[in-house]
Amino acid sequence: MIEHFVSSNIKYSCENENFFENDIKLLNENGEDIDFTLFKSYIQKETSNFIHQSYSNIIILVGAGASVVCANNEIDSRYGKTVAMLAESINNSLKEESECFSLQELADLCKYSVAVEIEENKLNPLFNLEDFLSYLISFEKYVSNEIYDKYVKSKNKIFELIVFNTNYEYDNTCMKHSAFINTISHIVRAPSKLTLVTTNYDTLIEDAADSIEYTVMDGFTFTHRPHFDSDMYEWNLVKDIENVKTREMEYKKNIINLLKLHGSLTWERNGKKIYRKEKCDVSTPIMIFPSSDKYMQSYQEPYFELFTKFQELLKRPNTLLITAGFSFADNHISQMIVQAILHNKSLATLITDFSINQDNDNWKKLEELMQHNYKVAFLKATMNTDLMDYLGEYYDD
């Protein structure tokens, strides 16, 4: 097992109970190898020093990896799925649908050149679901009338499977979102609120917050039928302090902002308004599906307001951004963060994921920024395994 913390041009790692700094093996004062327990304690100290800096604003960006639960080194399919797992599920399901094209047949029709499988029932690791869906959507206007109905039915089936495979419940026996929210919230100073931004459609954050009695400001009104109003993010819940003659007010504790950049399983459009409902009551959820078209969709309501809000938060002085399970493969969001790091000198960014050696251009750009002494650090940790071990004391009020 290897653990990493990279910051300020220094890379700390531990393998087989040996401690390395920038790939140079370090020994303790007795010439003995530093054990893993001591190394982990050191990383906890480094992480704590990075995040406990009296920041005025704290933003958490939650990606698909934060919904993944592992048991015995295997991903539990009842919860979050990787994109590869999602593609595999779609591939297998379409094979069983006689009224739909298979994934390979769709790939052939829309001229997507990468084979879906490298052998029977084994997904090709080069198959990219987002790229494929981009081809699929773009090619629809060229589909002949003879196969058009089957083509559309196949496309809709894929979207249905994406909804189905991202719909799961919060389980506090194996998920640590509530502990994470509670811990980070205690670093935030009123009147600021902790802001969680997510690309996920699931309701894990809302459910986790509810389990510890946190109030979630998600951009929807407090009316009987909550509808989207981005102005809600600017409000705080306060009360007058009794027996004080001045106009002092007390801010409500345990309150967070939530921005769901790609939509939610609980959102549905009705006429000109967008309403939040129970998942079981939503037939057509508002979601940006993974494809190149999602960048155009982000300029529509409610996505435009949410992306604008996120961008505005990144520009605020003295801000800490922590990412969890976000691989930076999404160019639109990644470029917003990179530009914010370049232009907001007081923005500190802690990137956490199951691996801190991602192979994409955005990740490499962040590594380059770190090498040029921007406030960027990398930590190998995941939401539902060991991330909480590094972020400091867990509060349970």
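Here is a short report on the structure shown in this document. Bear in mind that the values here come from a model prediction, so they are computed numbers and not experimental data. (Residues numbered from 1 in each chain as written. Predicted model: local features only at pLDDT ≥ 70, side-chain atom pairs only at ≥ 80, totals over all residues. Heavy atoms only, no water.)

Attention now goes to a nonpolar patch on the surface. Together, Val238, Met249 and Tyr251 make up an exposed nonpolar region whose accessible area comes to about 250 Å². You can see Tyr251 is positioned in strand E13 (residues 249–251). (Patch = residues over 30% accessible without salt bridge, like charges linked within 9 Å, V, L, I, M, F, W, Y side chains within 5 Å. Areas by Shrake-Rupley, 256 points an atom, 1.4 Å probe, with all protein chains shown as cover. Salt bridge = Lys/Arg side-chain N within 4 Å of Asp/Glu carboxyl O. Helix = DSSP H or I, 4+ residues; strand = E, 2+ residues; numbered from the N terminus.)

Moving on, we come to the packing of helix H2 (residues 83–95) against helix H5 (residues 145–165). At a closest axis distance of 10 Å, the pairing of H2 and H5 adopts a crossing angle of 130°. The angle between H2 and H5 falls in the class oblique. Remark: the crossing between H2 and H5 carries right-handed chirality. Along the contact surface, H2 presents Leu86, Ser89, Ile90, Ser93 and Leu94, while H5 presents Ser154, Lys157, Ile158, Leu161, Ile162 and Asn165. Per-class residue counts for the contact of H2 with H5 are 6 nonpolar, 4 polar and 1 charged. (Axes fitted to C-alpha atoms, helices over the stretch in contact; angles between N-to-C directions. Parallel < 35°, antiparallel > 145°, perpendicular 65-115°, else oblique. Left-handed = near helix turned anticlockwise from the far one by under 90°. Contact = heavy atoms within 4.5 Å. Nonpolar A, V, L, I, M, F, W, Y, C, P; charged D, E, K, R; others polar.)

A separate point is the pattern of salt bridges. Tallied over the entire structure, the rule returns 15 salt bridges. Its salt-bridge partner being Glu117, residue Lys95 comes within 2.4 Å of it at the nearest N-O pair. Highlighted residues: Lys95 in helix H2 and Glu117 in strand E8 (residues 117–119), separated in sequence by 22 residues. Asp218 serves as the salt-bridge partner of Arg276, at 2.8 Å between the closest nitrogen and oxygen. Of the two residues, Arg276 sits in strand E17 (residues 273–276) while Asp218 sits in the loop between strand E11 (215–217) and strand E12 (238–240), which places them 58 residues apart along the sequence. On the basis of relative accessible area, Arg276 is assigned to the partly exposed category, the value being 30%. A single network of salt bridges, built from pairs that share partners, joins Glu234, Lys309, Glu312 and Arg316. (Buried < 20%, exposed > 50% of the residue type's maximum accessible area, 1.4 Å probe, protein only.)

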